[in-house]
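Descriptive analysis of the structure
So you can see what is in the structure, the chains are spelled out below.
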Amino acid sequence: MVQAPPPRPTTPELKDLVEEIQRYEAIVAHWDSSQQQTVAHLRQAIEALHKEALSRLIRSVKQEALPALKQAVRDEVVYGLLRYHDLVKEPSLQQRLQQALEEVRPMLQGHAGDIELVSIRLPDTVEVRLVGACSHCPASQLTLSEAVETAIKRHCPEIEYVVEVAYQPITIATEVTPNPDWTLVTSLAEIPEEGVLDLKLEGHKLLLSRTEETVTCFRNACSHLGVPIDSGDCENGVLVCPYHGFQFELATGHCRTAPAVPLQPYPVKVANGRVFVRLAGQSRGGDRS
């Protein structure tokens, strides 16, 4: 008699794995701050080990089977893990917009003109300014629609409207840069009200929000697990972690779900409509200065 093969071990469902993590998170959330810090340091050490192993694996696979690696990254779980460890490099909307403008800039410069990105008005509009000879050229609207708009929509399919803003000379005060310790990160107009703007700068993952002209900046990471939170739901000044539901107040960084783990802040200054963040003294992990 032929024996039946032993049953294959069942692979745990992704939903079950996530629920298991959430169960332990709920337990840790009720511990005191020193215990939570111990868990956080343990998590960071394990994640550092995992990231190093994944980096070595990617370097090895790239040399032998790059198509297989690209196919693996299409899996949402693999992609999510690599993105969590910052091993998937994705250009931001602002970077893609600049790529689009660089594409058309040689043509404009050939006619003694140029173009500037004025503002990003999420979710679907950007404002640009034609300068030089192009700012008063009768064919500027045609140039905008046929060249600039086409390039922007090709690089940024989420953008539906490209608006030309009339050129106005601007005099910038000498005191606009607070001091060398402060880094210009964006303009006030690019930070949506009742929303958030995520930026990566000098190894720092930033999360900016504003109410009128008041701007706050935090590390773009849920403090208890370190995952990016910019894609979470944002309503009435509260951002919800898209992975585990922790609620953070954007005005203060306070965590309503677990007060012991607030968002980690960066100092901010606003001058002449431009936003500066002090990165000096901040680690890549977002330690307080």
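Look up a bit, the structure's there.
Report follows, based on the coordinates. (Residues numbered from 1 in each chain as written. Predicted model: local features only at pLDDT ≥ 70, side-chain atom pairs only at ≥ 80, totals over all residues. Heavy atoms only, no water.)

Brief notes about the overall build of the protein chain
To keep things clear, this is the line we draw: A run of H or I in DSSP counts as a helix once it spans at least four residues, and a run of E counts as a strand once it spans at least two, with each numbered from the N terminus. Only protein chains enter the area calculation, which uses a 1.4 Å probe; residues under 20% of their type maximum are buried, those over 50% are exposed, and those in between are partly exposed. Whether two residues touch is decided by their heavy atoms; if any such pair falls within 4.5 Å, the residues are in contact. Per-residue accessibility takes into account occlusion by the displayed protein chains alone, with areas from the Shrake-Rupley method and a 1.4 Å probe.
For the protein chain, the count of helices and strands is 5 helices and 13 strands. Counting every position in the protein chain, which comprises 289 residues, the buried fraction comes to 35%. Counting contacts in the protein chain only where the partners sit at least 6 residues apart, residues at least 24 apart contribute 50% of the total. A total accessible area of about 17800 Å² is found for the protein chain, and carbon and sulfur atoms account for 55% of it.

Section: the pairing of strand 5 (residues 197-201)
Just so we agree on the cut-off: Strands were regarded as paired on the criterion that DSSP finds at least two bridges between them.
Note: strand 5 against strand 6 (residues 204-211), 5 bridges, orientation antiparallel. Counterpart to Leu199 in the pairing with strand 6 is Leu206. What sits between strand 5 and strand 6 in their antiparallel hairpin is a turn of 2 residues, with Glu202 showing a positive phi close to 50°.

Details of the nonpolar core
Heads up, the rule is: Joining through side-chain atoms within 4.5 Å is the link that ties buried Ala, Val, Leu, Ile, Met, Phe, Trp, Tyr and Cys residues into a set, and such a set is a nonpolar core.
Grouped together as the largest cluster of nonpolar side chains are 19 residues, with contacts concentrated most on Leu97, Ile115, Leu117, Val126, Ile152 and Ile159. Breaking this core down by element, the ones donating at least two residues are helix 4 (93-109), strand 1 (113-121), strand 2 (125-132) and helix 5 (140-155). Considering each element in turn, this core owes the most residues, 6 residues, to helix 4. Among residues more than four places away in sequence, those in contact with Val126 are Leu97, Leu117, Ser119, Ile120, Ile152, Ile159, Tyr161, Val162 and Val163. Counting 16 residues, the second largest nonpolar core, distinct from the first, contains Val196, Phe218, Cys222 and Leu263.

Quick word on the pattern of salt bridges
For clarity, the cut-off: For salt bridges, the criterion is a side-chain nitrogen of Lys or Arg within 4 Å of an Asp or Glu carboxyl oxygen.
For the coordinates displayed, the defined rule picks out 12 salt bridges. One salt bridge in this structure joins Arg96 and Glu158, with 2.7 Å as the shortest N-O distance. You can see Arg96 sitting in helix 4 and its partner Glu158 sitting in the loop between helix 5 and strand 3 (161-164), a full 62 residues away along the chain. Take Arg96: its relative accessible area is 18%, and that puts it in the buried class. Given a relative accessible area of 32%, Glu158 falls into the partly exposed group. With its nearest N and O atoms 3.7 Å apart, the salt bridge here joins Glu193 to Arg210. Within this pair, whereas Glu193 is found in the loop between strand 4 (182-187) and strand 5, its partner Arg210 is found in strand 6, the two being separated by 17 residues in sequence.

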